[in-house]
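# Working through the structure, step by step
The primary structure of each chain is shown beneath.
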Protein chains: 2
Amino acid sequence: MGKKGLLLVGHGSKKPYNKQLIEETAQTIAQKDDSFLVKSGFMSINEPTVEEQLNAFRNEDIDTLVVVPLFLAKGVHILKDIPDILGLEEGSYAGTFRANGSEIPLIYAQPIGSDPLLAELMLKNAYQAIDELL
Amino acid sequence: MGKKGLLLVGHGSKKPYNKQLIEETAQTIAQKDDSFLVKSGFMSINEPTVEEQLNAFRNEDIDTLVVVPLFLAKGVHILKDIPDILGLEEGSYAGTFRANGSEIPLIYAQPIGSDPLLAELMLKNAYQAIDELL
């Protein structure tokens, strides 16, 4: 079976921390799961852009492209700007993508949203701060 | 032993999704770990504000207050605005808070940042979208 492409989309920021977060998370995803070919791209300020990374995926041997936004919650980027770039109608989460001369499925995943893992992450940060500082 | 206060700080948004995310996460944290008394407050647009929730904690029987920002990465809110509200010097993550007539420790935790749990969360969202849409 071929690999799936995973494009991790970040917001971008003038400060370096958002870019670091996105790129380190992309690296961790690639290490955790080798069924994905992982790239990351940004909506604004930072490079590579989402468009540049979509173009980079066109030459890759992938059978599906999954676009995963590393955003906390829905907002205008999630609901409008990213679907526009992906050629998806607003409210649609599945389309097609042309890679290596074939049409492959394009899937647009949800942002982080409310998830028990997020609560766990916040508790972990709380306990780490207590352990270091209390 | 007394409870610790945990103030989950959100960005706030004109759309309802950020507020939902913060409040649902606060609820999940409270369910997971009853050593914390959990409240949530917002930096802008939504209510209650961070200041209002700090005032609400002044009457609670807590022995420590931990402030946990539900933000992806450091930015101006994390580095300057929240420390200002907490009366912390920039770069300092520990101070004091007056609750119930005593000075108790105030601890300021890190935002989400790069964490294996975050990569796991993004993979979970990727697989969920693939399962539903492919």
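Throughout what follows, the structure given in this document is the object of discussion. Note that residues are indexed from 1 along each chain, following the sequence as it is written. Each chain takes a letter, starting from A, and each ligand takes a number, starting from 1, following the order in which they are written. In keeping with the model being predicted, local features are shown solely for residues with a pLDDT of at least 70 and side-chain atom pairs are shown and tallied solely at 80 or more, while totals for entire chains, interfaces and linings include all residues. Side-chain numbers come from the whole structure's heavy atoms, not from hydrogens or water.

## Overview of the sheet that holds strand β3 (residues 62–69) of chain A
All names here are of chain A. What counts here: Pairing between strands is defined by DSSP: at least two bridges between the two strands are required. Under the DSSP-based scheme used, a helix requires at least four consecutive residues in state H or I and a strand at least two consecutive residues in state E, with every element numbered from the N terminus. Only the stretch in contact is used when fitting a helix axis, every axis being a line fitted to C-alpha atoms; angles between N-to-C directions are given from 0 to 180 degrees.
Taken together, the five strands give an open sheet; going across it, the order is β2-β1-β3-β5-β4, and neighbouring strands pair in mixed fashion. Edge strands, defined here as strands with exactly one partner in the open sheet, are β2 (36–42) and β4 (94–99). Geometrically, the sheet is characterised by an average inter-axis angle of 25° between neighbouring strands, direction not taken into account. The sheet contact formed by β3 and strand β5 (residues 102–108) spans three bridges and is parallel.

## Re the pattern of salt bridges
Going by this rule: When a carboxyl oxygen of Asp or Glu is within 4 Å of a side-chain nitrogen of Lys or Arg, the pair counts as a salt bridge. Here the term buried applies to any residue with accessible area under 20% of the maximum for its type, exposed to any over 50%, and partly exposed to those in between, with areas from a 1.4 Å probe on protein chains only.
Within the structure shown, the criterion is met by 14 salt bridges over all chains. Between Asp115(B) and Lys124(A) there is a salt bridge, with the nearest N and O atoms lying 3.0 Å from each other. With Asp115(B) in the loop between β5 (102–108) and α4 (116–133) and Lys124(A) in helix α4 (residues 116–133), this residue pair bridges two chains. The buried category is assigned to Asp115(B), whose relative accessible area is 10%. Judged by relative accessible area, which is 37%, Lys124(A) ranks as partly exposed.

## Details of unusual backbone geometry
Residues and elements named next belong to chain A. Of note, the amide linkage connecting Glu 47 to Pro 48 takes the cis form, showing an omega dihedral of 0°. By secondary structure assignment, the location of Pro 48 is in the loop between β2 and α2 (50–57). Backbone geometry places Asn 100, a non-glycine residue, at a positive phi of 55°. Secondary-structure assignment places Asn 100 in the loop between β4 and β5.

## Observations concerning the interface of chain A and chain B
Test applied: Contacts were defined at the residue level, with two residues in contact if any of their heavy atoms lie within 4.5 Å. Buried area: the accessible surface (1.4 Å probe) lost by two parts on joining, summed over both. We define a polar contact as two N or O atoms separated by no more than 3.5 Å, with the added condition that, inside protein, one atom must be a possible hydrogen donor and the other a possible acceptor, whereas residues neighbouring each other in sequence contribute only through side-chain atom pairs. For this classification, Asp, Glu, Lys and Arg are treated as charged, while Ala, Val, Leu, Ile, Met, Phe, Trp, Tyr, Cys and Pro are nonpolar and the rest, including Gly, are polar.
Contacts between chain A and chain B engage 55 residues on the former and 55 residues on the latter. In this assembly, chain A packs against chain B so that about 4700 Å² is buried in total across both faces, 78% of it on carbon and sulfur atoms. Together, Leu72(A), Leu117(A) and Met122(A) form the three largest contributors to the area buried by chain A at its contact with chain B, with a combined 13%. Along the contact surface separating chain A from chain B lie 12 residue pairs in polar contact (both at pLDDT 80 or more). For the side of chain A that touches chain B, the secondary-structure elements that each account for two or more residues are β1 (3–10), α1 (17–32), β3, α3 (76–86), β5 and α4 of chain A. Sorting elements by how many residues they give to the side of chain A that touches chain B places α4(A) first, with 15 residues. Looking at the side of chain A that touches chain B residue by residue, the class counts come to 36 nonpolar, 10 polar and nine charged.

## Quick look at the sheet that holds strand β2 (residues 36–42) of chain B
Residues and elements named next belong to chain B. Across the sheet, which stays open at both edges, the five strands sit in the order β2-β1-β3-β5-β4 with mixed pairing between neighbours. Both outer strands of the open sheet, β2 and β4 (94–99), are each paired with one neighbouring strand and no more. Each strand axis lies, on average, 25° off the axis of its neighbour in the sheet, ignoring direction. Two strands pair when backbone bridges link them, and β4 and β5 are joined in this way by six bridges, in the antiparallel orientation. Looking across to β5, one finds that Arg 98 is bridged to Glu 103. Sitting on the sheet, helix α2 (residues 50–57) is in contact with β1 (3–10), β2, β3 (62–69) and β4, with an inclination near 155° to β2. Sheet strands touched by helix α3 (residues 76–86): β1, β3 and β5. Its angle to β5, the strand with the most contacts, is close to 175°.

## Here's the deal with the relation of the copies chain A and chain B
Stated precisely, the cut-off is as follows: For this overlay, a least-squares fit was computed on C-alpha atoms, restricted to residues scoring pLDDT of at least 70 in both copies.
Under the fitted operation, chain A is carried onto chain B by 0.0 Å of movement along the axis and a turn of 180°, and the coordinates agree to an RMSD of 0.0 Å. Seen this way, the second copy is the image of the first under a two-fold rotation axis. Of all interface residues in chain A, 100% are interface residues in chain B too; the two copies therefore contact each other through one and the same surface.

## Comments concerning the environment of Ile78(A)
Residues and elements named next belong to chain A. Mapping Ile 78 onto the fold places it in helix α3. Exposure remark for Ile 78: the relative accessible area of 3% places this residue in the buried category. Taking the C-alpha atoms as reference points, Ile 78 and Pro 48, separated by 30 residues in sequence, lie 18 Å from one another. With near-sequence residues (within four places) excluded, Ile 78 lies in contact with Pro 69, Phe 71, Ala 73, Pro 83, Tyr 108 and Pro 111.

## What to know about the pairing of β2(A)
Residues and elements named next belong to chain A. Put simply, the rule reads: For a crossover, the right-handed case is the one in which the path from the first strand over the helix to the second runs clockwise, viewed with the strands pointing away from the viewer.
For β2, the buried fraction is high: six of the seven residues fall into the buried class. Pairing analysis gives seven bridges linking β1 to β2, with the strands arranged parallel. Across the sheet, residue Leu 8 finds its bridge partner in β2, namely Ser 40. What joins β1 to β2 is α1, and the crossover it makes is right-handed.

Any link to function would need more than the numbers given here.
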